[in-house]
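Observations on the model geometry
Here's the letter readout for the chains.
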Amino acid sequence: MDVDIDHYTILGLQSGEEGSKLSEKEITKAYRLKALELHPDKRPNDPNAPSNFQKLQTSYQILKDEKARKLFDDLLRVKQQKIQRQSQQDSKRRRMMSDLEEREKNAFNHHDPTAKARDEEESIARKLREEINRIREKHGNNNTGFTETGESSRKKEKVSVEKSNVIDTDKEKMLKVSWEKGGLEYSAERLRGLFETFGEVKDVVIRSSKKKGSALIVMASKEAAVAATGTVCGDLSNPLLVIPLEAAVTNSFPTFREPVKSSNGEHVNEELVGARYQAFEDSVLQKLQKAAERQK
């Protein structure tokens, strides 16, 4: 019976290879600690206390004896090797059974196109799931920052498209429209409806800021752009200022023009870039404000 007992475990020690390396001093120390715990005087209500204490003494005597301990270590080693061999045999047996089942399955599928197609589908689906997991692990699951990055990308793309449209379109067909913020707002659809009375509108690009709304109107022809200039005023509560992005060239020879005056009556130097258009804006504003006052 003693050959089936692990005497190291009875003393509360590690068994196997670790137990064989323990010194006699370590074994004695473990025995004394365990004896204090299992002594029948310490367990008056335990009917098994005497037999357990006797087992403890027997195990200590075996491990204390050099020859008996060596034989016991050899027995543990042989048992461990047996367990390993059985585990290997079981592993080989399982592998052989798996191979046999796989061969039988393949032989069956060879004559069954439906089963073969199903297995192929399952194999491809499994590989796809593995690839998806690999990609997720590589790039991570957190997509915070996507919105910001995507929004930034869309803004850059929009600016790029607008610039491209400006370059590709004849500037003499384009009108710059502006209005004050805080009053009636103008959408692209509303602006298109206002300017279509003068001709075909090819595009409307809104460019608004916090203080001022503006848009770029692309007419289909120069004539339509000229006709709309200074004519479209929008709603009187928030009038539109319409100026050409680039004035149409009507004559290759210089002509005399009267000096342009601004809203304060001072002469404006037309050689300055944009000075003539600024004076025009001031004039249109004055007319619209007077018209609004008359309607009140």
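What you are looking at is a predicted structure, and each value in this text was computed from that prediction instead of being measured. Residues take numbers from 1 onward in each chain, read along the sequence in its written order. Reporting in this predicted model follows two pLDDT cut-offs: at least 70 for local features of residues, and 80 or more for side-chain atom pairs to be given and counted; totals over whole chains, interfaces and linings ignore these cut-offs and use all residues. Only heavy atoms go into the side-chain values, all of them from the structure, while hydrogens and water stay out.

**Observations regarding the confidence of the model for the chain**
In low-pLDDT regions, the fine details of the predicted coordinates are not to be read closely. Definition in use: For every residue, the predictor states its confidence as a pLDDT score lying anywhere from 0 to 100. Here a residue-residue contact requires only that any non-hydrogen atoms of the pair lie within 4.5 Å.
For the chain, mean pLDDT is 77; residues scoring 70 or higher make up 71% of the total. Scored below 50 in pLDDT, residues 143-149 shows 1 contact in the model against residues more than four places distant or in partner chains. Counting contacts from residues 161-168, a segment whose pLDDT is below 50, to residues more than four positions away or on other chains yields 8 contacts.

**Here we look at the layout of surface pockets**
Rules: Points on a 1 Å grid over protein atoms alone make up a cavity when a 1.4 Å probe fits among them but cannot get out, and a pocket when they form an open set with protein on both sides within 12 Å along at least five of seven lines; lining residues each have an atom within 4 Å of a point. Grid points are joined across faces, edges and corners, and a volume is the space filled by probe spheres set on the points. Helix and strand definitions here come from DSSP, where helices need a minimum of 4 consecutive H or I residues and strands a minimum of 2 consecutive E residues; each element is numbered from the N-terminal end. Note that Gly is not counted as nonpolar here; it falls among the polar residues with everything else outside the nonpolar set of Ala, Val, Leu, Ile, Met, Phe, Trp, Tyr, Cys and Pro and the charged set of Asp, Glu, Lys and Arg.
The computed volume of the second largest pocket comes to approximately 230 Å³. Every residue lining the second largest pocket is listed: Ser15, Gly16, Glu17, Ser20, Asp73, Leu76, Arg77, Lys79, Gln80, Gln81 and Ile83. At the level of elements, helix 2 (16-20) and helix 5 (66-110) are the ones that each hand at least two residues to the lining of the second largest pocket. Per-element tally for the lining of the second largest pocket: the top contributor is helix 5, with 7 residues. Here the residues of the lining of the second largest pocket sort into 2 nonpolar, 5 polar and 4 charged.

**Notes on the pattern of salt bridges**
Let me state the cut-off plainly: For salt bridges, the criterion is a side-chain nitrogen of Lys or Arg within 4 Å of an Asp or Glu carboxyl oxygen.
All chains considered together, the criterion is met by 8 salt bridges. The closest approach of N and O atoms between Lys34 and Glu37, which form a salt bridge, is 3.8 Å. You can see Lys34 and its partner Glu37 sitting in helix 3 (residues 24-38), 3 residues apart, about one turn around the helix. Lys222 is the partner of Glu172 in a salt bridge, and the nearest nitrogen-oxygen pair spans 3.2 Å.

**Here's the deal with the sheet that holds strand 4 (residues 241-244)**
Put simply, the test is: Strands were regarded as paired on the criterion that DSSP finds at least two bridges between them. Here an axis means a line fitted to C-alpha atoms, over the contact stretch when the element is a helix, while the angle between two N-to-C directions is reported on a 0 to 180 degree scale.
The strand order 2-3-1-4 describes an open sheet built from 4 strands, whose pairing is antiparallel. The sheet is open, and its two edges are formed by strand 2 (201-206) and strand 4, each paired on a single side. Neighbour-to-neighbour, the strand axes of the sheet open up by a mean angle of 20°, direction not taken into account. Relative to strand 3 (residues 212-219), strand 1 (residues 174-180) is paired through 7 bridges, and the arrangement is antiparallel. Across the sheet, Ser178 pairs through a bridge with Ser214, a residue of strand 3. Contacting strand 1, strand 2, strand 3 and strand 4, helix 8 (residues 188-195) runs over the sheet at an angle of about 140° to strand 2.

**Points about the nonpolar core**
Grouped burial of nonpolar side chains is what soluble globular proteins tend to show. Our working rule: Definition of nonpolar core: a set of buried residues of the types Ala, Val, Leu, Ile, Met, Phe, Trp, Tyr and Cys, connected through side-chain atoms within 4.5 Å. Think of it in three bands: with a 1.4 Å probe and only protein chains considered, a residue is buried below 20% of the maximum accessible area for its type, exposed above 50%, and partly exposed in between.
Grouped together as the largest cluster of nonpolar side chains are 16 residues, with contacts concentrated most on Leu175, Val177, Leu191, Phe195, Ile217 and Met219. Only strand 1, helix 8, strand 2, strand 3 and helix 9 (222-228) provide two or more residues apiece to this core. Dropping the residues within four chain positions of it, Leu191 is found in contact with Val177, Trp179, Tyr186, Val204, Ile206, Ala215, Ile217 and Leu240. Among the nonpolar cores identified, the runner-up in size contains 15 residues, and Leu13, Tyr31, Phe53 and Phe72 belong to it.

**Things to note about the pairing of strand 1**
Of all the 7 residues making up strand 1, 5 are buried; the element is thus mostly covered by neighbouring parts of the structure. Sheet analysis places strand 1 next to strand 4, joined by 4 bridges and oriented antiparallel. Its bridge partner lying in strand 4, Lys176 is registered against Ile243.

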